[in-house]
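A structural walkthrough
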Amino acid sequence: MEIEKLSYYFDLKDFKHKDLFESSCYVFDFLKTLPDYIKNNLRHGIHGEVMKGAYVGDNVFLGKGSVVQPGAWIHGPAIIGENCQIRHGAYVGANTLAGDRVIIGHASEVSNSVFLNDSRAPHFAFVGHSILGNRVNLGAGTKLSNLKVMATEIEIKGIKTGLTKIGAIIGDDSSLGCNTVTQPATFVGKKVFGYPNMLLRGFVSSNTVLKLRQNQEEVPFDESK
C-alpha cells in the first residue's frame, strides 16, 4: 500500500498549488495543511462569471473563464482555478482547492478537498477530505465517505494519522462508475476503472479494472396473476 509516495498517485508538475504538498510525509498529510494553505494564498477576486441566482461568499477566488451557474453556492474559503464549471445546485464548502478545468456538477457537495486539473464530480457526488487526481471522473452518485461510524481516529497500516476524517485519494486518470461508495481512507492508484455500484475500501493498485458481477434474471410476466 503506497501511502508515502505522492508520485504513485499524481503528477503535480502542472498544478499551480503543488507547494501544498511540500511538507507531506504521507499522502493524506495535505489535509492537515490545507486550511492554512488556502488562508495564506487566497486573494479574493471574481475573475469569472457568477450567473444570476448563484451565491459566492466573500472569501473566494474564482479564476478567469470559470462559471458559477444559478443555484450553486460557494461558501468558501475556496480557491477555484481557470475555466472551471460550478454547476446548478452544487455546494462548495470550506477549504476547497480546485485547479483548472474542474467540474463540480449538479447537486454535488464538496469540502476540505483538492481537485487537480481536469478532474470532475459532475453529478450528485459527495467529496469530503479527499483529493481527485488529474483527469479523474466520478460517475453520477459517487460518494467518498470520510468519517468512520464511531468517529474515531483513522489508522492506516498501524500508523496513527491524527485525523478523524479522510475520504479518498484517487490517482490520475482514474474513473469510478455510477453510485460508487468509498469507505473512509480509500487509496486508489492511477488509471483505475471501476464498474458501477461498487463499495471500495483500502488500497487499489494502479492500472486496474474493478469488476462487479451480478446475476440478472428474466421471468415471463403472467397477466393472469
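Just above, that's the structure.
Cut-offs and rules
- Residues numbered from 1 in each chain as written.
- Predicted model: local features only at pLDDT ≥ 70, side-chain atom pairs only at ≥ 80, totals over all residues.
- Heavy atoms only, no water.
- Helix = DSSP H or I, 4+ residues; strand = E, 2+ residues; numbered from the N terminus.
- Rg over C-alpha atoms; globule rule 2.2 N^0.38 Å.
- Buried < 20%, exposed > 50% of the residue type's maximum accessible area, 1.4 Å probe, protein only.
- Contact = heavy atoms within 4.5 Å.
- Areas by Shrake-Rupley, 256 points an atom, 1.4 Å probe, with all protein chains shown as cover.
- Pairing = 2+ DSSP bridges.
- Axes fitted to C-alpha atoms, helices over the stretch in contact; angles between N-to-C directions.
- Core = buried A, V, L, I, M, F, W, Y, C linked by side-chain atoms within 4.5 Å.
- Phe/Tyr/Trp six-rings, centres within 6.5 Å; stacked < 30°, edge-to-face > 60°.
- Polar contact = N/O pair within 3.5 Å; in protein donor to acceptor, adjacent residues only side chain to side chain.
- Patch = residues over 30% accessible without salt bridge, like charges linked within 9 Å, V, L, I, M, F, W, Y side chains within 5 Å.
- Salt bridge = Lys/Arg side-chain N within 4 Å of Asp/Glu carboxyl O.
- Arc of directions from axis to C-beta.

Looking at the overall build of the chain
A tally of helices and strands in the chain yields one helix and 28 strands. Relative to a compact globule of 225 residues, whose C-alpha radius of gyration would be 17 Å, the chain shows 18 Å and is just as compact. In terms of its C-alpha atoms, the chain occupies a principal-axis envelope of roughly 70 × 50 × 35 Å. Relative to its 225 residues, the chain shows a buried fraction of 48%. Pairs at least 24 apart in sequence give 27% of the contacts found in the chain among residues at least 6 apart. When the accessible surface of the chain is split by element, carbon and sulfur atoms take 50% of a total near 11200 Å².

Structural notes on the sheet that holds strand 24 (residues 186-188)
Pairing is parallel across the open sheet formed by nine strands, whose spatial order is 1-4-7-10-13-16-21-24-27. Of all strands in the sheet, those bounded by a partner on one side alone are strand 1 (45-46) and strand 27 (203-204). By the bridge criterion, two bridges tie strand 16 (residues 131-132) to strand 21 (residues 168-170) in an arrangement that is parallel. When the bridges of strand 21 are listed, Leu132 appears paired with Ile170. Against the sheet, helix 1 (residues 30-41) contacts strand 7 (78-80), strand 10 (96-98), strand 13 (113-115), strand 16 and strand 21, and its axis sits at roughly 80° relative to strand 10.

A short note on the nonpolar core
Ranked by size, the top nonpolar core spans 33 residues in total, and within it Ile74, Ile86, Ile104, Phe115, Leu138 and Ile170 carry the most contacts. Among the elements of the structure, strand 4 (60-62), strand 7 and strand 21 are those that each provide at least two residues to this core. Setting aside residues no more than four positions away along its own chain, Ile170 makes contact with Phe10, Ile131, Leu132, Gly133, Val136, Leu138, Leu144, Leu176 and Val188.

Some points on the pairing of strand 11 (residues 103-106)
In terms of strand pairing, strand 8 (residues 85-86) meets strand 11 through two bridges, oriented parallel. Residue pairing across strands places Ile86 opposite Ile104, the latter belonging to strand 11.

Topic: the packing of aromatic side chains
One pass over the full model with this rule turns up seven aromatic pairs. Relative to Phe203, the ring of Tyr8 has its centre 5.9 Å away and its plane inclined at 40°; by these criteria the two rings are tilted. Linking Tyr8 in the segment before helix 1 with Phe203 in strand 27, this pair joins segments that are 195 residues apart in sequence. Given a relative accessible area of 29%, Phe203 falls into the partly exposed group. With 6.4 Å between their ring centres and 55° between their planes, Tyr9 and Phe187 make a pair best called tilted. Taken together, the positions of Tyr9 in the segment before helix 1 and Phe187 in strand 24 put the pair 178 residues apart, joining distant regions of the chain. In terms of burial, Tyr9 and Phe187 fall into one category: buried. Here a set of aromatic residues connected by ring pairs shows up, and it is made of Tyr8, Tyr9, Phe10, Phe187 and Phe203.

Here we look at the side chain of Ser119
Within the secondary structure, Ser119 is located in the loop between strand 13 and strand 14 (120-123). A distance of 2.8 Å separates the side chain of Ser119 from the backbone oxygen of Leu116, its partner in a polar contact. Ignoring sequence-local partners within four residues, the contact set of Ser119 consists of Arg101, Val102, Ile103, Leu132, Gly133, Arg135 and Val136.

A few points about a nonpolar patch on the surface
On the surface, Tyr55, Trp73 and Tyr91 cluster together into a nonpolar patch covering about 300 Å² of accessible area. With respect to the helices, strands and loops of the structure, Tyr55 is situated in strand 3 (residues 55-56). For Tyr55, a relative accessible area of 37% corresponds to the partly exposed category.

Description of the environment of Gly65
Within the secondary structure layout, Gly65 lies in the loop between strand 4 and strand 5 (67-68). Those residues in contact with Gly65 that sit more than four places away from it in its chain are His47, Gly48, Asn83 and Cys84.

Thoughts on helix 1
Along helix 1, the residues that are buried comprise Phe30, Leu31, Leu34, Tyr37 and Ile38. The arc that holds every buried residue of helix 1, seen down its axis, measures 95°, which confines them to one face. Exposed and oriented more than 90 degrees from the buried face of helix 1 are Lys39 and Asn40. Check the buried side of helix 1 and you find it contacts strand 7, strand 10, strand 13, strand 16 and strand 21.

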